[in-house]
Amino acid sequence: NAKKKKKNSYHVYSRMQRYKLMMEQALFYALQNNEYAVHYQPIVDSKGKCVFLEALLRWNNPVFKDISPITFIPFLEESGEIIKVGKWVYSEACQQITNLKKDEKYSGLKISVNLSQVQIEHNNFVEDFNKIAKETGIDKNNILLEVTENRSFREIDYVIEVLTELKTRNIGIAVLDDYGSGY
């Protein structure tokens, strides 16, 4: 690192380091630049009826174009920006499902939202979650939070406490196995 070296020194960044730096900077401004979108994937029952909409985060940046969540989510988690972005996704999804349910044909529809380890371990997660649910007017029985099983939870006791608290508030929790995800 050039800062740690003597005065008048420099550091040459690799192409990957420059890419990472550019992406981190772009992600920092993506929320305020309205570059995120929530897309919905229908989840159907055995009869073909749509019972859930899974909220999926997408990022369309002018430089990076449509970039896969597999690429940018780790950057959000590493920087902590996933907290703000996750709240935004949850708010958008809750508002959308609340609006859809005003139409009788969508009355049984529920929303599924993926959660990051970083979000769950955040101190104000439950309070933020409840505040958004109240603001959007969503019935908490219409929410399913999906958490991928993760062997690296730093505070597993806290995570269990958070998930238990959410469950006691009638919020559906799905802990998904990480089979096949490279772990």
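A quick note: this is a predicted structure, and the numbers were derived from the prediction, not measured.

Focus: the confidence of the model for the chain
Here's step 1: Considering every residue of the chain, the mean pLDDT works out to 85; 86% of them sit at 70 or more.
Here's step 2: Of all the helices and strands in the chain, strand 3 (residues 65-67) carries the lowest mean pLDDT, 83, while helix 3 (residues 82-100) carries the highest, 95.
Here's step 3: Low pLDDT (under 50) marks residues 179-183, which in the prediction has 2 contacts with non-local residues, meaning those over four places away or in another chain.

A few points about the nonpolar core
Here's step 1: Counting residues in hydrophobic clusters, the biggest one holds 42 residues, and the most contacted among them are Tyr36, Trp59, Phe72, Ile111 and Leu166.
Here's step 2: Those residues within four positions of Phe72 in sequence are excluded, and the remaining contacts are Met23, Leu27, Tyr36, Leu57, Arg58, Trp59 and Ile67.

Quick word on the pairing of strand 2 (residues 50-61)
Here's step 1: Note that strand 1 (residues 36-44) and strand 2 share 9 bridges and pair antiparallel. Following the sheet pairing, Tyr40 is matched in strand 2 by Ala55.
Here's step 2: Where strand 1 folds back on strand 2, the antiparallel hairpin that results is connected by 5 residues, among which Gly48 adopts a positive phi of roughly 90°.
Here's step 3: With 4 bridges connecting them, strand 2 and strand 4 (residues 110-115) associate as parallel partners.

Focus: the pairing of strand 4
Here's step 1: Where strand 4 meets strand 5 (residues 143-148), 5 bridges bridge the pair, whose relative direction is parallel. Its bridge partner lying in strand 5, Ile111 is registered against Ile143.

Comments concerning the packing of aromatic side chains
Here's step 1: Following the criterion strictly, the structure yields 8 aromatic pairs and no others.
Here's step 2: Where Phe28 meets Tyr29, the ring centres are 5.0 Å apart and the plane angle is 90°; that geometry is what we call edge-to-face.
Here's step 3: With relative accessibility at 42%, the residue Tyr29 sits in the partly exposed group.
Here's step 4: Taking the centre distance of 6.4 Å and the plane angle of 35° together, the rings of Tyr36 and Phe72 count as tilted. Of the two residues, Tyr36 sits in strand 1 while Phe72 sits in helix 2 (residues 69-79), which places them 36 residues apart along the sequence.
Here's step 5: Residue class for Tyr36 comes out buried when judged on its relative accessible area of 7%.
Here's step 6: Phe72 gets classed as buried once you look at its relative accessible area, which sits at 0%.
Here's step 7: Put simply, the rings of Tyr19, Tyr36, Trp59, Phe64, Phe72 and Trp88 pair up and form one aromatic cluster.

Looking at the pattern of salt bridges
Here's step 1: One pass over the structure, following the stated rule, counts 5 salt bridges.
Here's step 2: Among the salt bridges present, the one from Lys87 reaches Asp128, with a minimum N-O distance of 3.3 Å. Placement of Lys87 in helix 3 and of Asp128 in helix 5 (residues 125-136) is noted, with a sequence separation of 41 residues between them.
Here's step 3: Classification of Lys87 by relative accessible area gives partly exposed; the value is 33%.

Cut-offs used in this document
Residues numbered from 1 in each chain as written. Predicted model: local features only at pLDDT ≥ 70, side-chain atom pairs only at ≥ 80, totals over all residues. Heavy atoms only, no water. pLDDT = per-residue confidence, 0-100. Helix = DSSP H or I, 4+ residues; strand = E, 2+ residues; numbered from the N terminus. Contact = heavy atoms within 4.5 Å. Core = buried A, V, L, I, M, F, W, Y, C linked by side-chain atoms within 4.5 Å. Buried < 20%, exposed > 50% of the residue type's maximum accessible area, 1.4 Å probe, protein only. Pairing = 2+ DSSP bridges. Phe/Tyr/Trp six-rings, centres within 6.5 Å; stacked < 30°, edge-to-face > 60°. Salt bridge = Lys/Arg side-chain N within 4 Å of Asp/Glu carboxyl O.

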